[in-house]
Each structure stands twice: as C-alpha cells, then as structure tokens.
Amino acid sequence: MKQLAPSILSADFSRLGKDVADIEAGGAHFVHVDVMDGHFVPNISFGAAVMKSLEGKTKLPFDVHLMIEEPDRYLEEFVTPQTEYITVHQEACVHLHRTVQHIRDTGVKAGVSINPATPLNTLESILPDVDLVLIMSVNPGFGGQKLIPSALDKIRRLAEYRDRAGLAFAIEIDGGVTLDNIRMVADAGTDIIVAGSAVFGAEKIRGRVREMIKEMEK
Ligand code: DX5
Ligand code: ZN
C-alpha cells in the first residue's frame, strides 16, 4: 500500500492543529515533520516542541525528517508514542550505523536519507539495518522546489536492490511532488510519498489529500 505523508513545513503555523486535522480527514497516513537547523541546510524550521503540540490532537503517526548536524544530540526529543520513524541524513552522520542503532534503541523505526548528489551505493552497508530509506528529490531546505528526475531512477534501482537482497525497508521520496507527477513517483516504486506545498498550498487541503491519494493508487 502506498502512503502519503504531508509535510507540515508548508502548513500555516498559526493554525497548525486545524491544517493537520484536515490532512487526517482527507486520509493522509503520516505527518511529515521537517526539522532544519540552519547548518545542515540553509533554513531553520522548528523543533520538537512544535511536533509535540500535535500529540493527541491527531491520530496520525509522526514521520520525523532531521535535516540537522549531530542528530544524536537531539533525537531523543523526537521520541513520542506517536513517532513512527526518525530519519537522519547520511551526509550528517560520521558514524551512521551508530546513529541508526541509537534510533532503534529508543524503540522508534530508523530511516536514512540521501541528498540528490549523494550516490545510492553510499547506503549499501547500512541497508540491512534500516526501516526506511528517504530519497531526496530536491536539495533539502525549502518547500516548493521542482522535483529532480534522477531521484526516480534512484528509487527504481533501490527497489530492485531491495527485492534482490530480500530486504524490507520502506522507500520514501521527498521534494517537488505534485498532483501532476505523484502517479509517476508512485510507479517508480515509492512506498511513502511526502508532499508539502502541493497539499498545504491547496485551497481545500482535505480535498487535495484525497485527490493525491486517488492519483497515487491508480
Ligand atoms: C525539503 C523538505 C521537504 C519539503 C517538501 O527540504 O524536507 O519535506 O517540505 O516540500 P514540497 O513538497 O513543497 O517540495
Ligand atoms: Zn522532509
């Protein structure tokens, strides 16, 4: 089953609870939580307090995407009963295996992400130990950018590798997904699709979530 993870980076923070209630009513599967530190990426978003303000207000699980340096220092702050995945960047972790283990030790599923310029083969040794691989289809830092097509090729190759190796991690894509390209993105073999501006920029958020899910399931 394909799943949609709207990114609250593009939500209206002055009415975050309402925006999240809308994605839930539309059938979204996760709340994607984009955490940016102004060092790993050239933007600052929000920290764990904002995510935790949603605890109990929505039933959707949290899909946490840490675009931060030294994630080990902060990741426990993001562990809540609603946290399903915590994903860190390969480029931000010197001891990636240790960090993945750290996430799993908290009882949460561990994800690793790579930027558009990072080759897929840099993940080979960690794949047996992760629950999710997040392929960035934009350079992280901002919502509303255009999808970089080479990400789809990475997803196809990763899905093939996973099958051949008998592994079971989920494949996620993040960046530039719209109503027009979501079908193509799903067809490449993506399991979880992040969308920020395409969801929260819509006039009717709930309706847009429904449309996108319908399109990706076709
Ligand atoms: C990019 C973030 C994304 C972003 C996606 O730095 O990790 O999750 O919010 O936004 P859209 O869907 O607008 O590209
Ligand atoms: Zn993200």
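Every value quoted in this text rests on a predicted model; they were computed, and no experiment measured them. (Residues numbered from 1 in each chain as written. Chains lettered and ligands numbered in written order. Predicted model: local features only at pLDDT ≥ 70, side-chain atom pairs only at ≥ 80, totals over all residues. Heavy atoms only, no water.)

J.: I would appreciate a short explanation of the environment of Arg15 in the present structure.
T.: Residue placement: Arg15 occurs in the loop between strand 1 (3–6) and helix 1 (16–26). Look at Arg15 and you get partly exposed, because its relative accessible area is 39%. C-alpha of Arg15 to C-alpha of Gly107: the two residues are 92 residues apart in sequence and 31 Å apart in space. (Helix = DSSP H or I, 4+ residues; strand = E, 2+ residues; numbered from the N terminus. Buried < 20%, exposed > 50% of the residue type's maximum accessible area, 1.4 Å probe, protein only.)

J.: What am I meant to see in helix 4 (residues 150–165) here?
T.: It helps to recall that an α-helix has 3.6 residues per turn; residues three or four apart then point in one direction. Its 16 residues give helix 4 an end-to-end C-alpha distance of 22 Å, which sits within 8% of 22 Å, the value for a rise of 1.5 Å per residue. Where helix 4 is concerned, the buried positions are Ala151, Leu152, Lys154, Ile155, Leu158, Ala159 and Arg162. On an axial view of helix 4, the arc spanned by its buried residues comes to 150°, and they lie on one face. Close packing links the buried residues of helix 4 with strand 5 (109–114), strand 6 (132–136), strand 7 (170–174) and helix 5 (182–187). (Expected span 1.5 Å × (residues − 1). Arc of directions from axis to C-beta. Contact = heavy atoms within 4.5 Å.)

J.: Sorry if this is basic, but what is going on with the coordination of the zinc ion (ligand 2) here?
T.: Metal coordination angles have textbook ideals: 109.5 degrees for a tetrahedral set of four donors and 90 or 180 degrees for an octahedral set of six. Protein coordination at the zinc ion (ligand 2) comes from His32 (NE2), Asp34 (OD), His65 (ND1) and Asp174 (OD), with a distance range of 2.0 to 2.2 Å. Viewed at the metal, the 6 donor atoms of the zinc ion (ligand 2) are separated by angles of 65 to 166°, and the geometry they form is irregular. Counting along the primary sequence, the residues that act as donors to the zinc ion (ligand 2) give the motif H-x1-D-x30-H-x108-D. One end of the pair, His32, is in strand 2 (residues 31–36); the other, Asp174, is in strand 7, and 142 residues separate them in sequence. Overall, His32 belongs to the buried group, its relative accessible area being 0%. (Donors = N, O, S within 2.8 Å, 3.2 Å for Na, K, Ca; no water. Tetrahedral: all angles 85-135°; square planar, octahedral: opposite > 155°, others 65-115°.)

J.: Explain the packing of helix 1 against helix 7 (residues 205–217) here, please?
T.: The description of two helices packed together rests on the angle between their axes and the distance between the axes. In the contact formed by helix 1 and helix 7, the axes pass within 8 Å of each other and the chain directions differ by 35°. You can see that helix 1 and helix 7 cross each other, and the crossing is right-handed. For the pair helix 1 and helix 7, the contacting residues are Asp19, Asp22, Ile23, Ala25 and Gly26 in the first and Ile205, Arg206, Val209, Arg210 and Ile213 in the second. (Axes fitted to C-alpha atoms, helices over the stretch in contact; angles between N-to-C directions. Left-handed = near helix turned anticlockwise from the far one by under 90°.)

J.: I'm lost on the nonpolar core in this one. Help?
T.: Residues Ile8 and Ile23 are the most contacted members of the largest nonpolar core, which totals 62 residues. Beyond its immediate chain neighbours, meaning those up to four positions away, Ile8 contacts Phe13, Leu16, Val20, Val31, His32, Val33, Phe46, Leu54 and Phe200. Phe30, Leu134, Met136 and Val194 belong to the second-largest nonpolar core, a separate cluster that totals 10 residues. (Core = buried A, V, L, I, M, F, W, Y, C linked by side-chain atoms within 4.5 Å.)

J.: Would you mind showing me how to read the site of ligand 1 here?
T.: In the neighbourhood of ligand 1, 20 residues make up the surrounding shell, with Asp34, Gly141, Gly144, Asp174 and Ser197 lying closest. Contact between ligand 1 and Gly144: an oxygen atom at 2.7 Å from a main-chain N or O atom of the residue. Here an oxygen atom of ligand 1 and a backbone polar atom of Gly176 are 2.8 Å apart. For ligand 1, whose accessible area on its own is 380 Å², the fraction buried by protein is 100%. Those elements that place two or more of their residues in the shell around ligand 1 are strand 2, strand 3 (62–67) and strand 8 (192–195). Counting residues per element, the shell around ligand 1 draws most heavily on strand 2, at 3 residues. Classifying every residue of the shell around ligand 1 by side-chain character gives 8 nonpolar, 10 polar and 2 charged. (Near = heavy atom within 4 Å. Polar contact = N/O pair within 3.5 Å; in protein donor to acceptor, adjacent residues only side chain to side chain. Areas by Shrake-Rupley, 256 points an atom, 1.4 Å probe, with all protein chains shown as cover. Nonpolar A, V, L, I, M, F, W, Y, C, P; charged D, E, K, R; others polar.)

J.: What should I look at first to understand the pattern of salt bridges in this one?
T.: Pairing is possible between side chains that carry opposite charge, provided their charged atoms lie close to one another. Evaluation of the coordinates by the stated rule reveals 11 salt bridges. Taken together, the salt bridges that share partners define one network made up of Asp12, Arg15 and Asp19. (Salt bridge = Lys/Arg side-chain N within 4 Å of Asp/Glu carboxyl O.)

J.: Even after reading the chapter, I still don't get the packing of aromatic side chains, so can you show me in this structure?
T.: The description of an aromatic ring pair uses the distance of the two centres, along with the angle that the planes make with each other. Scanning the entire structure with this criterion turns up 2 aromatic pairs. With centroids separated by 5.7 Å and ring planes inclined at 85°, the aromatic side chains of Phe13 and Phe46 adopt a geometry described as edge-to-face. Of this pair, Phe13 sits in the loop between strand 1 and helix 1 while Phe46 sits in the loop between strand 2 and helix 2 (48–52); the two residues are 33 residues apart in sequence, bridging distant segments of the chain. Residue Phe13 is classed as partly exposed on the basis of its relative accessible area, which comes to 46%. Plain terms: the ring middles of Phe30 and Tyr85 are 5.9 Å apart, the flat faces sit at 50° to each other, and that makes the pair tilted. Of this pair, Phe30 sits in the loop between helix 1 and strand 2 while Tyr85 sits in strand 4 (residues 83–89), and the two are 55 residues apart along the sequence. (Phe/Tyr/Trp six-rings, centres within 6.5 Å; stacked < 30°, edge-to-face > 60°.)

In short, geometric facts, not functional conclusions.
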